[in-house]
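# Summary of structural features
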Amino acid sequence: MIPFACTALARPAFLDRIDHASSTVLVVEDEPFVCELAAEALADEGYRVLTAADAWEAEEILARETVDLLFTDIDLARNTNGLALAQHARCQCPDLPVVYTSGGRAGLPASEQVSESVFVPKPYRPSQLVALTNDLLRRAHPHHA
């Protein structure tokens, strides 16, 4: 007789992922490698990702696209900044989740950021960004979870 073991079939990890295809994240980062790393991590998670190198480019995207989360560096190219960008974005979409990042700051005073935003200091792990994005969008759109 051949021994037979019954084991529960493991559920493939990709089946546990939330369907993020309907969520768009705008990554605003002027360092090309950092931008690519963040965008790739989010795209691998299933998000539609748009990128911009400065606030002016990001504002053009926000004017023509529906964005579900804004992830922005604070100090950007062409003397633009993510603080003003987030304020402008929130005028257009008051409930837009915002995540700030910076390599030059350890934190961000509440008086400088839009309400209910999050600050992530650089360097961050792409997996941290993905987990935070998942959490914020799950809270913002509980019916998608």
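Residues numbered from 1 in each chain as written. Predicted model: local features only at pLDDT ≥ 70, side-chain atom pairs only at ≥ 80, totals over all residues. Heavy atoms only, no water.

For the chain, the name recorded in an unreviewed UniProt entry is Transcriptional regulatory protein OmpR, with Methylobacterium hispanicum as its organism.

Here the focus is the overall build of the chain. Along its length, the chain carries five helices and five strands. In the chain, the succession of α and β elements from N to C terminus is α-β-α-β-α-β-α-β-β-α. Residue pairs at least 24 apart in sequence account for 61% of intrachain contacts in the chain once pairs closer than 6 positions are excluded. Carbon and sulfur atoms make up 55% of the accessible area of the chain, which amounts to about 8600 Å² in all. (Helix = DSSP H or I, 4+ residues; strand = E, 2+ residues; numbered from the N terminus. Contact = heavy atoms within 4.5 Å. Areas by Shrake-Rupley, 256 points an atom, 1.4 Å probe, with all protein chains shown as cover.)

With respect to the helices and strands, Pro32 occurs in helix H2 (residues 32-44). Pro32 sits 21 residues away from Ala53 along the chain, and the two C-alpha atoms are 7.9 Å apart.

A separate point is helix H4 (residues 82-92). Among all positions in H4, only Gly82, Leu83, Leu85, Ala86, Ala89 and Arg90 are buried. One face of H4 carries all of its buried residues, which in axial projection span an arc of 160 degrees. With a side-chain oxygen positioned 2.9 Å from the backbone nitrogen of Leu83, the residue opening H4 is Asn81. (Buried < 20%, exposed > 50% of the residue type's maximum accessible area, 1.4 Å probe, protein only. Arc of directions from axis to C-beta. Polar contact = N/O pair within 3.5 Å; in protein donor to acceptor, adjacent residues only side chain to side chain.)

As a further point, take the packing of aromatic side chains. All told, the structure shown has one aromatic pair when counted by the stated rule. Geometrically, the ring pair formed by Phe71 and Tyr124 is edge-to-face, given 5.5 Å between the ring centres and 90 degrees between the ring planes. Of the two residues, Phe71 is situated in strand S3 (residues 69-73) and Tyr124 in the loop between strand S5 (118-121) and helix H5 (126-140); the sequence distance between them amounts to 53 residues. Given a relative accessible area of 13%, Tyr124 falls into the buried group. (Phe/Tyr/Trp six-rings, centres within 6.5 Å; stacked < 30°, edge-to-face > 60°.)

With that settled, the discussion passes to the nonpolar core. Ranked by internal contacts, the top residues of the largest apolar core, which has 22 residues, are Leu26, Val28, Leu70, Leu85 and Tyr100. Counting only elements with at least two residues in this core, the list comes to strand S1 (24-28), strand S2 (48-52), helix H3 (55-64), H4 and strand S4 (98-102). When near neighbours in sequence (up to four residues on either side) are disregarded, Leu26 contacts Leu50, Thr51, Ala52, Ala58, Ile61, Leu62, Val67, Leu69, Leu70 and Phe71. Judged by nonpolar contacts, the second largest core, of 17 residues, contains Leu42, Leu129, Leu132 and Leu136. (Core = buried A, V, L, I, M, F, W, Y, C linked by side-chain atoms within 4.5 Å.)

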